[in-house]
Number of protein chains: 2
Amino acid sequence: MKKLVLLAALTLMSCQAPVKEENPAPTFGIVIHGGAGTILRKNMTPEMEAAYRATLETAVRTGYEILKAGGTSQEAVEKTIHVMEDSPLFNAGKGAVLTADETIELDASFMNGATLDAGAIAGVQTIKHPITAAIAVMEDSPHVMLSGKGAEAFAQAQGLELVAPKYFFTERRINSLKRVKEKEQQTAWSAEEWQDFKNQKFGTVGCVALDQAGNLAAGTSTGGMTNKKWNRIGDAPIIGAGTYANNASCAISATGWGEYFIRSVVAHDIAALMEYKGLSIQEAARVVIHEKVAKLGGDGGIVGIDRQGNIAMEMNTAGMYRAHIDAEGNLTVKIYKDE
Amino acid sequence: MKKLVLLAALTLMSCQAPVKEENPAPTFGIVIHGGAGTILRKNMTPEMEAAYRATLETAVRTGYEILKAGGTSQEAVEKTIHVMEDSPLFNAGKGAVLTADETIELDASFMNGATLDAGAIAGVQTIKHPITAAIAVMEDSPHVMLSGKGAEAFAQAQGLELVAPKYFFTERRINSLKRVKEKEQQTAWSAEEWQDFKNQKFGTVGCVALDQAGNLAAGTSTGGMTNKKWNRIGDAPIIGAGTYANNASCAISATGWGEYFIRSVVAHDIAALMEYKGLSIQEAARVVIHEKVAKLGGDGGIVGIDRQGNIAMEMNTAGMYRAHIDAEGNLTVKIYKDE
């Protein structure tokens, strides 16, 4: 019995092969986020809330259908993120926030949990689907991370869809930048204004998935932080911080105040707590988000999934746009923390 | 006795405060690397070898004197790396390798193990001391990572020393790029040519230090990979991959084939194996470099130090330029793996 338990533990910890034989009805699942922050009911109109819930559902169903049909977690993550990149509601692709120079600089990354292959782009201005560019870097370049004009030249050479920068701009984000710039001039801030300022940092989108072959994948895409300066790079394109996937542990996509997520190596730390300390995905996510990131002063959240289909949707903010569908087709869509 | 052992283990694993009371003669130490790769005696002249050993010694003594006088690990890391950035021998600062576009793009990062503060820059062309710019990002910006022209504008605004790009160029690196570009045209490569090609990826410099107050710090600086394209970013400026420091575990600086080091989240993985699994710094470094990175096909090495002054200088290549001085002033300078 002891040997059996040990064997089971070792299998859970290091098994790279699909677990089909032990589990005749293969499990799968998908979890997404559309950013965490001070999302409060009092600031939300019914129409706005309905729009967010509808787009989250459309996005998560896109990946779910791919997984249900036997598609890969990679394809599910990519296509799901496209829905959110195409929506002006989220800070990724169309609807991305503006930099201090009134430009758009998009970051994205992807990681394949079966092979530990990864790709990322930072600071691009013309790539319609940054997540697809990150996957192209992984598959078609000798590099993992490309940036700026070079990343755009690579995307163009790969035949990816490019758009004029104006495609990404929305009235809402232009107004956000104006507000943040006005705030910058102020010397004293109220608690509410500070909260409002912190809220400008959020809205990244991400997706993690487990496919029927037992393979995990994670992807993250963002416009970064409103009013960001000096070609700032956040956590979204950093493998280990904003995105991590490893069949030995879990797939994680993060959203939040990127500086704190880089310093906490959030996505890899959750995976390490699972692999090395035996924590469940929920326990590991709670430790990292509520103890480690919060202790440094950082806000945000993560979504994650492990090879058994267990999921985490953890945040230390008032809300996180998030959704999940399990192998039985049960849909969850949530916005506020207390739902 | 059992309780005592447990207490000691808990103290080792989670103690954040200086350990002065338990250890009346405070320990300290410093370890550096100047790149790992296929460094073979047959390719080295006695003059070249002597030059490398002399510069490694000058660099490590610079930091050692700061630590001995009670200075911080941060200052020791910064000033030690300056010596290697100023030397044309190493692929960092002056002597950096060339990109495919015949430019220089420098990356660097720094992390403070006491506060988990961090800073990084990627793809800069005019900053004389990239490690100082990384520290300035940490101390004087709200961001952790800046890139390209933005990072240069920030450095200029901070009054950091800028130089014309030609300052960094050396005959040796210009010739290296020519050789690699010729090789790229070849369809079939001999094993030796492949080895030679892989070798173009190395030469990063790094430093880790423990100061008398018990605080760890790590820094890494590089020109990246010869013939790199599309504004490629390697592991050196990625917190968690090329650089990581945490008083709860260790300080690590990596050098090697950056793509594999990003995918393996090398520096943070070593720290996690120590903190969560109780491995020593040497054991953790061996697992990550010889099992994890090597299994993916990656080459390179790391230097590391923990809060007890235990060090690691681990590589899966034929050599790594490296040096160490302990609290008693004992100097080690090594180049080949089998020294």
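Now for a description of the structure that goes with this document. Just so you know, these numbers come straight off a predicted model, no measurement behind them. (Residues numbered from 1 in each chain as written. Chains lettered and ligands numbered in written order. Predicted model: local features only at pLDDT ≥ 70, side-chain atom pairs only at ≥ 80, totals over all residues. Heavy atoms only, no water.)

Facing the 42 residues of chain B at the interface are 42 residues of chain A. Where chain B abuts chain A, roughly 3,500 Å² becomes buried across the two surfaces, and 64% of that area is made up of carbon and sulfur atoms. Taken as a group, B:W230, B:R263 and B:Y276 account for 24% of the area that chain B buries against chain A, more than any other trio of residues on that side. Connecting chain B to chain A are 2 salt bridges. The partner of B:R263 in a salt bridge is A:D117, with the nearest N and O atoms 3.1 Å apart. Where chain B touches chain A, the interface holds 19 residue pairs in polar contact (both at pLDDT 80 or more). (Contact = heavy atoms within 4.5 Å. Buried area = accessible area lost by both parts, 1.4 Å probe. Salt bridge = Lys/Arg side-chain N within 4 Å of Asp/Glu carboxyl O. Polar contact = N/O pair within 3.5 Å; in protein donor to acceptor, adjacent residues only side chain to side chain.)

Quick look at the packing of aromatic side chains now. Taken as a whole, this structure holds 14 aromatic pairs over all chains when the rule is applied. On the basis of an interplanar angle of 75° and a centroid distance of 5.1 Å, the ring pair of A:Y167 and A:F168 is categorised as edge-to-face. Taking the relative accessible area as the measure of exposure, A:F168 reaches 0% and is therefore buried. Each ring, one from B:Y52 and one from B:Y321, has its centre 4.0 Å from the other, and the planes form 15°; the classification is stacked. Here B:Y52, found in helix α2 (residues 46-68), pairs with B:Y321, found in strand β12 (residues 319-326); they are 269 residues apart in sequence, far enough to count as distant. Each member of the pair B:Y52 and B:Y321 is classed as buried. The rings of A:Y52, A:F90 and A:Y321 are connected pair by pair, giving a single aromatic cluster. In this structure, A:K94 is placed above the aromatic ring of A:Y167, and the distance from its NZ or CZ to the ring centre is 4.7 Å. (Phe/Tyr/Trp six-rings, centres within 6.5 Å; stacked < 30°, edge-to-face > 60°. Buried < 20%, exposed > 50% of the residue type's maximum accessible area, 1.4 Å probe, protein only. Helix = DSSP H or I, 4+ residues; strand = E, 2+ residues; numbered from the N terminus. Lys NZ or Arg CZ within 6 Å of the ring centre and 35° of its normal.)

Here we take up the sheet that holds strand β8 (residues 243-245) of chain A. All names here are of chain A. If you walk across this open sheet you meet the 4 strands as β8-β9-β10-β11, and the pairing is antiparallel. Whereas interior strands pair on both sides, the edge strands pair on one side only; in this sheet they are β8 and β11 (311-315). Shown here is a sheet whose adjacent strand axes are inclined to one another by a mean of 10°, direction ignored. One ladder, built from 7 bridges, connects strand β9 (residues 250-256) with strand β10 (residues 300-306); its direction is antiparallel. For A254, the partnering residue across the bridge sits in β10 and is I302. Packed onto the sheet, helix α9 (residues 266-277) meets β8, β9 and β10 and runs at close to 145° relative to β9. Those strands touched by helix α10 (residues 281-296) are β9, β10 and β11, and its axis lies near 15° from that of β11. (Pairing = 2+ DSSP bridges. Axes fitted to C-alpha atoms, helices over the stretch in contact; angles between N-to-C directions.)

For the rest of this paragraph, the subject is the state of the cysteines. Residue and element names in this part refer to chain A. Enumeration according to the criterion identifies 0 disulfides over all chains in this entry. Here C207 stays unpaired: no disulfide links it, and the sulfur of C250, its closest cysteine neighbor, is 14 Å away. By relative accessible area, C207 is classed as buried at 0%. (Disulfide = S-S within 2.5 Å.)

What is shown is where atoms sit, not what they do.
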